[in-house]
Amino acid sequence: MSVGIERLAVYVPSYALPMADLAAARGVAPEKYVQGLGVEQMAIAPPCEDVVTLAATAGARLLRAARIDPRSIGMLLVATETGVDHAKPVSIFVHELLGIGPRCRVYELKHACYAGTAALMTAADWVRAGGIRTRRALVIAADIARYELGSAGEPTQGAGAVAMLVGSEPQALVLGEESGTHAGNVYDFWRPLGRREAIVDGKYSVDCYLDALTGAFGAFRSLERPALEPDEALTDRLARLLYHTPFPKMAMKAHRRLVEVDWRAARERWAAVEGRLDEAAAASYRDLVAPSLVAASRIGNTYTASLYLCLASLIEAENRALGGRRLGLFSYGSGCCAEFFTGIVPSGVATVSDAGVATALRQRTLVDVEQYERFVRAGDVGGDTPAGFTGDFVFRGVRQDRREYQHAEALAA
Ligand code: HMG
C-alpha cells in the first residue's frame, strides 16, 4: 500500500516585519540578516492569534480544499512546542474548532522542531497498520518561534502552521518506508516551564544540527547502499533536498555537510570535487535546495512546521515538474532528534499543489518595528482582531481559567 501525504495546507499570520527594518532598529547591517542569515521578512502573530488558531486555520483550509468530511478523520495529531496548557493538548481545541467527530484518536506531540516529523511518521504507521474502516489522519505542525527582543536569535523568529492529510491515496508525497535517525541529549535550545522565549546556545545549536544531519543521513545512506552503484552519490538520485530551516543559511550549511558526507562515500565523485568542494556544493545547493526556501525566507522559523512549509512551497511552485521524482527531507529538533527520509512526488500532483502559500504571502500586511514590538510585548493574550487579520479563528482570551476561541466570521458579524 502507498502511504503518504494526500494534500497540504499552509497558514501564516497576517503580519510580517521586513528584516531590513529590524536591522536598522538594532543597529545591524541589513546584509547580515538578509544575506548572512537569508531572511527577508518574518511572520508576526498578533495577540489574538495563538498556536490553536494557527493550527485550526491551516486544518480548516485543508479540509475545505480536499472536500473531506471532518468526521472521517480517525486520528488528529498536533505537533508543537508552543503548547498552551501543561495537561490539555492543543489538539483537543483544534478538534472542536474543526468539527472532527468523537471517534478519533487525538493528541499533541513534542520534541522541539522534530515533532512535526514524529507526528507524520506516527500517522503513516497508523495508516499502514490498516483496519476495517479507511484510515485517514490529519497532522498539523504549528508554532510561534520566540526569542528575546534584541537577542541574536531575534531575527530567526517566525510563526505558521502546516496541515497534512496522511492516508493511502497520497497525491502530494508517497513516503519511503526507510529512514535514518539520530538522537542524543544536548543543550542547544530549550524552554524551561514558565518561560515564553527559548534559551538558545546559537553557535552550538548549528553544530548540533550538523552533527545530527551527519548521523541521520549516514544511517539512511547505509540502508540505501545496496541499491547504489559502488561509486554513486545518493544525491544524484534526488531531485530536491529539503531541510528543517530555522533560517535559509542553515539549509545552505546543511547541504554543504550532506554532500561532503555523500560524495566522500562515492570515490569517483569525491576525486572529481576534491579541492573545489565549496564551489561544487554551492552549485548543488542552487539546483537542489534553493527552490524550496522561498517561503521560509519570507516567514522565518516555524519550528515543527518548517520542513513542511518548504515542502508545501516547493510543490506549489514546481508542481507537475516534480511528478515521479524523489525528494530527500531532513528534520531536526533541538535537544535532539533528527530524521532523514525520502518521498516520491506522484505524477498527478498538480491537482493538489495549491497549498495556499502564495495567497497567504500576498494577503499579509507589513508592520513596522514599533508595531512588531507592541504585538510581542502584549503576547498571545487574546482579544480583537487588528486591521488586516486573515485567519479563520480568533483567540478571545482566558476567562475563569478557560481559553475562548471564536470563528473570525462570527466576530465580524
Ligand atoms: P549571530 O551571532 O547574530 O550571527 O547568530 P553571526 O555572527 O554568526 O552571523 C550570521 C551570518 O551572517 C554569518 O554567516 C556572518 O558571516 C554573516 P556564516 O559565517 O555563518 O555563513 N554576516 C554578514 N553577511 C553579510 N553582510 C554582513 C554580515 N555580518 C555578518 N554585514 C545565530 C546567528 C543563527 C546563531 C542566531 O541567530 C541564533 O542563535 N538563532 C537561533 C538558533 C538557531 O536558529 N539555530 C539553528 C540550528 S538549531 C535548530 O534549527 C533548531 C531550532 O529550530 C529549534 C527547535 O528545534 O525547536 C532553532
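The model shown is predicted, which means the values in this text are computed figures rather than measured ones.

This part takes up the site of the ligand. Around the ligand lies a shell of 29 residues, among which Glu81, Cys113, Ser205, Lys249 and Lys253 are the nearest. In this structure, an oxygen atom belonging to the ligand sits 2.8 Å away from a main-chain N or O atom of Ala152. One nitrogen or oxygen atom from the main chain of Ser334 is found 2.8 Å from an oxygen atom belonging to the ligand. Contact with the protein chains covers 74% of the free accessible surface of the ligand, which is 1100 Å². Of the residues belonging to the shell around the ligand, the class tally is 14 nonpolar, 9 polar and 6 charged.

Taken in spatial order, the 3 strands line up as 3-2-14 in an open sheet, and their pairing is mixed. Pairing within the sheet leaves two strands with one partner each, and these edge strands are strand 3 (41-44) and strand 14 (365-366). In this sheet, strand 3 lies alongside strand 2 (residues 15-18) in antiparallel orientation, the contact comprising 4 bridges. Paired with Pro18 across the bridge in strand 3 is Gln41. Against the sheet, helix 1 (residues 19-26) touches strand 2 and strand 3, its axis set at about 55° to strand 2.

This part is about the packing of aromatic side chains. Here the distance between the centres and the angle between the planes together describe a pair of aromatic rings. Enumeration over the complete set of coordinates arrives at 10 aromatic pairs. Consider the rings of Tyr209 and Tyr332, whose centres lie 5.2 Å apart with planes at 45°: the pair is tilted. You can see Tyr209 sitting in helix 6 (residues 202-224) and its partner Tyr332 sitting in strand 12 (residues 326-333), a full 123 residues away along the chain. With 5.1 Å between their ring centres and 80° between their planes, Phe217 and Phe340 make a pair best called edge-to-face. With a gap of 123 residues between them, Phe217 in helix 6 and Phe340 in strand 13 (residues 337-344) connect regions that are remote in the sequence. When sorted by exposure, Phe217 lands in the same class as Phe340, which is buried.

Analysis parameters
Residues numbered from 1 in each chain as written. Predicted model: local features only at pLDDT ≥ 70, side-chain atom pairs only at ≥ 80, totals over all residues. Heavy atoms only, no water. Near = heavy atom within 4 Å. Polar contact = N/O pair within 3.5 Å; in protein donor to acceptor, adjacent residues only side chain to side chain. Areas by Shrake-Rupley, 256 points an atom, 1.4 Å probe, with all protein chains shown as cover. Nonpolar A, V, L, I, M, F, W, Y, C, P; charged D, E, K, R; others polar. Pairing = 2+ DSSP bridges. Helix = DSSP H or I, 4+ residues; strand = E, 2+ residues; numbered from the N terminus. Contact = heavy atoms within 4.5 Å. Axes fitted to C-alpha atoms, helices over the stretch in contact; angles between N-to-C directions. Phe/Tyr/Trp six-rings, centres within 6.5 Å; stacked < 30°, edge-to-face > 60°. Buried < 20%, exposed > 50% of the residue type's maximum accessible area, 1.4 Å probe, protein only.

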